[in-house]
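The lines below spell out each chain.
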Amino acid sequence: MKKIIYTTFIIIMFTTVAFSQQLTQTVRGTVIDMDSQLPLIGVAVKLVGSDPVKGAVTDINGEFRLEKIDVGRIVLQISFMGYETKIIPDIEVNTGKEKILNLALQESVLKMKEVVIKADKNKGEAINQMSIISSQSISAEETKRYAGGLDDPSKILSNFAGVTASQNGGNDIIVRGNSPKYIQWRLDGVEITNPTHFADQNSISGGVSALNNSLLGTSDFSTGAFAPEYGNVLSGVYDVKIRNGNNQKYETSLGVGIQGTDLTVEGPFKKGYGGSFLINYRFSTISLLNNLGIIKLNGVLNYQDGAFKIVLPAKKAGVFSFYGLMGKSSASMTDVKADMIATPTNGTITSDITEDYDKSNYLTNIGMMHTISISENSFLKTTVSYSGDGINEDVFKIKTTKLYNGLGEFMHDSVGNRALDYQSRLKNYVYRGAITYNYKINAKNTIQIGTKYAIHDYDYKLSSMQDSSATMFSMANFNEKIATLNNFISWKYRLNENITIVAGFNNMNVLYNNKSTIEPRYAINWKLNSSSSLNAGYGKHSTMESVHNYFAMVKNPDGSITEPNKNLDLLKADHFVLGYEKRFGENLRVKVEAYYQYLYNLPVENNDTSYYSTINEGTDFRYVALVNKGSGKNYGVELTIERFFSRSYYYLINASIYNSKYKTLEGIERNTKYNGNYLVNILFGKEFAHLGKKKNQTLNLNTKVFFGGGQRYIPLLTDALGNNAANPATNKFWDYKKAYDKKFEDIYQINLSASYKWNKHKLTHELFITLDNITNNKGKISEYYDETKPGKIGYVTQFGLYPNIMYRLYF
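Rules used throughout
- Residues numbered from 1 in each chain as written.
- Predicted model: local features only at pLDDT ≥ 70, side-chain atom pairs only at ≥ 80, totals over all residues.
- Heavy atoms only, no water.
- Phe/Tyr/Trp six-rings, centres within 6.5 Å; stacked < 30°, edge-to-face > 60°.
- Helix = DSSP H or I, 4+ residues; strand = E, 2+ residues; numbered from the N terminus.
- Buried < 20%, exposed > 50% of the residue type's maximum accessible area, 1.4 Å probe, protein only.
- Pairing = 2+ DSSP bridges.
- Axes fitted to C-alpha atoms, helices over the stretch in contact; angles between N-to-C directions.
- 1 Å grid on protein atoms, 1.4 Å probe; cavity = no way out; pocket = protein on both sides within 12 Å on 5 of 7 lines; lining within 4 Å.
- Points joined across faces, edges and corners; volume = space filled by probe spheres on them.
- Nonpolar A, V, L, I, M, F, W, Y, C, P; charged D, E, K, R; others polar.
- Polar contact = N/O pair within 3.5 Å; in protein donor to acceptor, adjacent residues only side chain to side chain.
- Contact = heavy atoms within 4.5 Å.

> Pulling in residues and values, what's your account of the packing of aromatic side chains?
If you walk through the whole model with that rule in mind, you get 29 aromatic pairs. Between Tyr-611 and Tyr-736 the ring centres are 5.2 Å apart and the planes differ by 10 degrees, which places this aromatic pair in the stacked class. Residue Tyr-611 is found in the loop between strand 36 (588–605) and strand 37 (626–646), and its partner Tyr-736 is found in the loop between strand 41 (697–708) and strand 42 (747–760); the two are separated by 125 residues along the sequence. Tyr-611 gets classed as buried once you look at its relative accessible area, which sits at 8%.

> Provide a residue-level description of the sheet that holds strand 4 (residues 63–70), including the pertinent values.
With mixed pairing, three strands are arranged side by side in an open sheet as 4-1-7. Each edge of the open sheet is held by one strand with a lone partner, namely strand 4 and strand 7 (99–105). Recorded for the sheet is a direction-independent mean angle of 25 degrees between the axes of neighbouring strands. The pairing of strand 1 (residues 24–33) with strand 4 spans six bridges and is antiparallel. When the sheet's bridge partners are listed, Arg-28 is paired in strand 4 with Arg-65.

> Let's hear about the sheet that holds strand 17 (residues 236–240): which residues, and what values?
Pairing is mixed across the open sheet formed by five strands, whose spatial order is 9-16-17-12-13. Two strands close off the open sheet at either side, each with one partner strand: strand 9 (135–138) and strand 13 (190–191). Sheet analysis places strand 12 (residues 183–187) next to strand 13, joined by two bridges and oriented antiparallel. Bridging across to strand 13, Arg-186 finds its partner in Glu-191.

> Tell me about empty space enclosed by the protein, residues and numbers included.
This model, assessed by the stated rule, comprises eight cavities of 30 Å³ or more. Space inside the second largest cavity adds up to approximately 300 Å³. Residue lining of the second largest cavity: 22 residues in total, with Gln-136, Phe-160, Arg-589, Lys-591 and Thr-640 positioned closest to the centre. By residue number, the principal contributor to the lining of the second largest cavity is strand 37, which donates four residues. Split into classes, the residues belonging to the lining of the second largest cavity amount to six nonpolar, eight polar and eight charged.

> Can you break down the side chain of Asp-188 residue by residue, with the values?
Structurally, Asp-188 can be placed in the loop between strand 12 and strand 13. Given the relative accessible area of 11%, Asp-188 is considered buried. A polar side-chain atom of Asp-188 sits 3.2 Å from a polar atom in the side chain of Lys-309. If sequence neighbours within four positions are ignored, Asp-188 has contacts with Asp-239, Val-240, Lys-241, Ile-242, Lys-309 and Met-369.

> I'd love a proper account of the environment of Leu-292, names of residues and values included.
For Leu-292, the position within the fold is in the loop between helix 5 (285–291) and strand 21 (302–314). The class for Leu-292 is exposed, based on a relative accessible area of 58%. Taking the C-alpha atoms as reference, Leu-292 lies 50 Å from Thr-562; in sequence the two are 270 residues apart.

Next comes the structure, spelled out in structure tokens:
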């Protein structure tokens, strides 16, 4: 008994000592040259405000290490002779995870002159040194901080000027009035599939991202006049970065929430090696509960995804890294209505027809990257990758017939069998190889030269029921390989400390039908003084249209079937950008940017009375003969007022006024589907640190208010009195002459989020709560024919109140 009491006393003593210790963590990282990307040896890293002074010097690998740093927020100063000194504020340190920083210093053009650059002077600038206009970086901390993100990297983008979403609960990205299908997704610089569960064949939107914030480093997002290396893109480029795993210590995080449950593990392969692994797996929490019988829901979204990154440095052979992102999703729904979810056929609903919908998706992205130094100022980066995605869809119609007796009295309904009304089996595999050479000639000049070859392997089968018969008509049926070759050269020239110029060109080639472009790109950033700068740029850009348009099977008046679109040319656009930025003190900036985009070579229906252009193609598809004779324009002004996070709070206010127009062969200038005319975002957040008896708890509160122009739509046919004149018997529903003339009422949404964090010894707990659309506002997005609704008109509305809760444990 004495032994038990003694043992218990010892355990209590050690526990008390552990929790009475000052909570600390290690802060370490790597410092590289911004242009050459090579490690810098001898860089001084100082903890600002420490007494006695704490600091470190980078070693032969450019690495530094600061131990026993108090939990909370710290400021670091990074300095090196001949380079611009950086001061980095508000670095968050927690007990459950080492803080690992990847830093870059810019060599000073004025040799031996000490230049101090506070990080807030460059905050938000893209990591890509060649992206100096209409681009910004998005840190992992911002993806967690901003309200409305829902652990989804794509939804974070709608917090920025010129970017919005369709408000239907999906995660589409609409940039400056362009269709979301023209967004290019990248993972660590390599093109990938749309990383979204339940995506459509245009890769526009889905329900849940396959990426989550546990994996992310700092990413880049560009909205126009892109850097020379970006080809085959028209709207925006989102280059998502997966962070490296901890190469010195094993760490784990576990998250459990309504949207998903995930586990992340990371660590070194062996002590002293420098290699690391990072592995994440996530599954749908609600689908698990439904499968276990704990809850019962119709049409539960089943999904799971996984990601990994492996880094293997070799002494003389450079650094090898391997990455992967995979996902699988499915849903089966009965009695689907258009206001529940958009299907390929539910734009019209008659009282005697119900619809069932089955859908499954998968995505796979894996690749290898090799980086090796050629000299003190140059490196070669080679990538080999595979991307694949697939969609299976089946839509069934069930006809209900009312039965009456001989007296005309209703007896009962007779429900028919499920009849297949639409089916798709889509597979897309892409094999890519790329090589980029980067040479820093001197402090003023850096060049990049690169080439990328890709083979797209498509296997598409789409069919739907014909209106006038009970037979399925094939809209697309092809198995084709399309090769593309993309080349670029980029030159960065720093005239002096204040003027930076990037110039180059991109060459896009579609080898299938021998289409090619030469696309010049120019950008300049001029720091007028210590607090203001001017930037301007121009870029010619092009992209392929969605592949199903090339192989659309069109039925001609004589009954023959042809594929008239195989020779479609590239869509093209000229982007012009002019911006001005003013800093007020260390933490406040005001930015104004104007843009004009002229679009041409747009595919439009080969009919001089048709409104149809593929730039409006959403989740509804038309398989018609197309010609590259359409044009369009997007133009607008964006204002951003941003107070960076400092002294425990931040705010971000931005507004965009814009227009988005297009013309087809009919010669009428129309609004595009995505012309909302304006949008406003107001974000604010406050951190309350050092809470609790042990001062080890932190509360964060964040809010977002969004206002935006209403959704453009194609109205149902109406008579002279404005009554619904749609006629199911003749399959006449839509008034195409009024396509996108009008829009529904303006949309607003208010989001709230909160997080509470507890730092324990070598352990951090964090609880996240989000409330999206807390007022449950349901502005109209589109209308459809529904005989069961008043006036036979139904409306798709905004996604309503959506709560989410997530608990994470870091250790």
